[in-house]
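# Observations on chain architecture
Here's the letter readout for the chains.
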Amino acid sequence: AFIGSPRINLLSGHLRQGVLSFDHFQLTGFSALPDQPVRVGIRPEDLQVTPESTTPVKIDLVEELGSDELLYCVSAAGHDYRLRRPGGSGHRAGDEIGVSVVSEKVHLFDPASGQRLN
């Protein structure tokens, strides 16, 4: 079980020839790991709003947290994401935004044991 608030984004993914694939993301930089299914963990503060992203999500809810806000989003494939952003971004429920993540910020876990892989 993962402890923290807001909770980490967890998704199913797959490593193949050093490329991590999950939802609509294709991230490089995993050549040290063998081809295998994985659980992908991304902290809400490590997802970035990127207008040129090829991974759009729709905002379901904006939770104001003082100086920060938490965006609850869903991708076209139906995966839930939480993004932590500085407050006052102007984002509203119903907006569609592009998101990206840097490979170094992704945490990979064995889907059966929960063991961290990277």
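Our structure's up above, just so we're on the same page.
The rules behind each value
- Throughout, a residue's number is its position along its own chain's written sequence, starting from 1.
- Local features in this predicted model are restricted to residues whose pLDDT is 70 or higher, and side-chain atom pairs enter the listing and the counts only when it is 80 or higher, whereas totals over whole chains, interfaces and linings include all residues.
- With hydrogens and water excluded, all non-hydrogen atoms of the structure serve as input to the side-chain values.
- A pair of strands counts as paired when DSSP detects no fewer than two bridges linking them.
- Per the convention used, a helix needs a DSSP run of H or I reaching at least four residues, while a strand needs a run of E reaching at least two, with both numbered from the N terminus.
- Every axis in this analysis is a line fitted to C-alpha atoms, fitted for helices over the stretch in contact. Angles between the N-to-C directions lie between 0 and 180 degrees.
- In this text, buried Ala, Val, Leu, Ile, Met, Phe, Trp, Tyr and Cys residues form a nonpolar core when linked through side-chain atoms within 4.5 Å.
- Exposed residues in this analysis have more than 50% of their type's maximum accessible area, buried residues have under 20%, and partly exposed residues fall in between, with area computed by a 1.4 Å probe over protein chains only.
- Throughout, a contact is declared for two residues whenever any of their heavy atoms are within 4.5 Å.

## Here we look at the sheet that holds strand β2 (residues 19-22)
The 5 strands are arranged β3-β2-β1-β4-β10 in an open sheet whose pairing can be described as antiparallel. Every other strand in the sheet has two partners, leaving β3 (25-27) and β10 (107-109) as the edge strands with one partner each. For this sheet, the mean inter-axis angle between neighbouring strands, taken without regard to orientation, is 35 degrees. As judged from the 3 bridges shared by β2 and β3, these two strands associate in the antiparallel manner. Paired with L20 across the two strands is L27, which belongs to β3.

## Some details on the nonpolar core
The biggest cluster of nonpolar side chains holds 24 residues, and the ones touching the most others in it are L20, F22, Y81, V106 and L108. Among the secondary structure elements, those contributing two or more residues to this core are β1 (9-16), β2, β3, β4 (36-42), β6 (56-65), β7 (68-75), β8 (80-86) and β9 (96-101). Those residues in contact with V106 that sit more than four places away from it in its chain are L20, L27, F30, V40, G41, I42, V101 and N118.

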